[in-house]
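Remarks on the overall topology
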Amino acid sequence: MSDKKTWLVTGCSKGLGAALVRELIAQGYPVAATSRKRDSLVREFGDESERFLPLSMDVTDEADVRAKVAEVERKFSRVDVVVNNAGYTHLATIEEIGMDEVRALFDVNVFGTMNVIRAFLPIMRAQGSGHIFNVSSLGAYNVGALSGPYCATKHAVKALSETLALEVEKFGITVTDVKPGFMRTEFFGSSFRTTAPVNSPYEALYRDNMAFYEGQNGHQEGSPEKAAKLYIEVAEMDEPYGSLPMGTDSCTGIRDICANTVELMDAMLPVARRTDYDA
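Reference entry: report on the structure contained in this document. All values derive from a computational prediction rather than experimental measurement.

1. A few points about the pattern of salt bridges
In total, this model carries 13 salt bridges according to the counting rule given. Put simply, Glu62 and Arg66 hold a salt bridge, and the shortest N to O gap is 3.6 Å. With a gap of four residues between them, Glu62 and Arg66 both fall in helix α3 (residues 62-76), about one helical turn apart. Using a relative accessible area of 34% as the deciding quantity, one classes Glu62 as partly exposed. Note on Arg66: relative accessible area 37%, which makes it partly exposed. Residues joined by salt bridges that share partners form a network here, namely Glu62, Arg66 and Arg118.

2. Focus on the environment of Ser136
Position of Ser136 relative to the elements: it lies in the loop between β6 (130-135) and α5 (148-168). A relative accessible area of 2% means that Ser136 is categorised as buried. For the pair Ser136 and Leu160, spaced 24 residues apart in the sequence, the C-alpha separation amounts to 9.8 Å. Discounting chain neighbours no more than four positions away, the residues touching Ser136 are Lys154, Val157, Lys158, Asp177, Val178, Lys179 and Pro180. Engagement of the side chain of Ser136 in a polar contact is seen with the side chain of Asp177, the distance being 2.9 Å.

3. Quick notes on a nonpolar patch on the surface
Together, Leu264, Met265, Met268 and Val271 make up a nonpolar patch on the protein surface, roughly 340 Å² of accessible area in all. Turning to its location among the elements, Met268 is positioned in helix α8 (residues 248-273).

Conventions used here
Residues numbered from 1 in each chain as written. Predicted model: local features only at pLDDT ≥ 70, side-chain atom pairs only at ≥ 80, totals over all residues. Heavy atoms only, no water. Salt bridge = Lys/Arg side-chain N within 4 Å of Asp/Glu carboxyl O. Helix = DSSP H or I, 4+ residues; strand = E, 2+ residues; numbered from the N terminus. Buried < 20%, exposed > 50% of the residue type's maximum accessible area, 1.4 Å probe, protein only. Contact = heavy atoms within 4.5 Å. Polar contact = N/O pair within 3.5 Å; in protein donor to acceptor, adjacent residues only side chain to side chain. Patch = residues over 30% accessible without salt bridge, like charges linked within 9 Å, V, L, I, M, F, W, Y side chains within 5 Å. Areas by Shrake-Rupley, 256 points an atom, 1.4 Å probe, with all protein chains shown as cover.

Dropping the structure here:
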């Protein structure tokens, strides 16, 4: 087959996932790519070959995930790198977003990621090696109006990644939490949803924030093609990064948020001490 590492990437029909699969194929890596519709992958990358396996997979369906993981193992015998890239955003106020919409967002972004992780871990433990990239976001630190449920999912992915890294290190498995900033993909085009009810009391908030988000579309500073190369570079490191911001906006944004948090906690320390037992 190949002496190169075998990859599986979810959410590959467009955006960063598609850029990564395209680069992996160009560099000769064996790769399984997943999307809800297999046909979209075949149109984008071609049909199944010795080193490429396109799969329709619903990350929210645990049984479907396990069945497709078994297909990947049958074809390639091993899986070295898994990238949990599938995800989307839904922009709306906390008051007005439907709970079914919130659950759908968590089903894909959080529980879908967990389904994939849980299906691959037995394989990686048996191999004694593996690398899992989970895609959280700058939004795992930063929040904005209309982004509450989405950012909540990304906070959750960050926490899962950091916890998982502690649990699987002894099995030779590495976990990297990827934190993209604004990438020039369809994220603010076809890959986000919004709920803006007629006569909403938040009408001005929607108008101003949606103008910002839509204004980003096609002008983001982050390059998916460069991000794809960075994924591969990190996967080949002897000691891969556990935390991987992508884009200057992500790195500086997280740095500034953390600096502000430290300043706030220093100021709040006398208040926090008031709940301690007396010495």
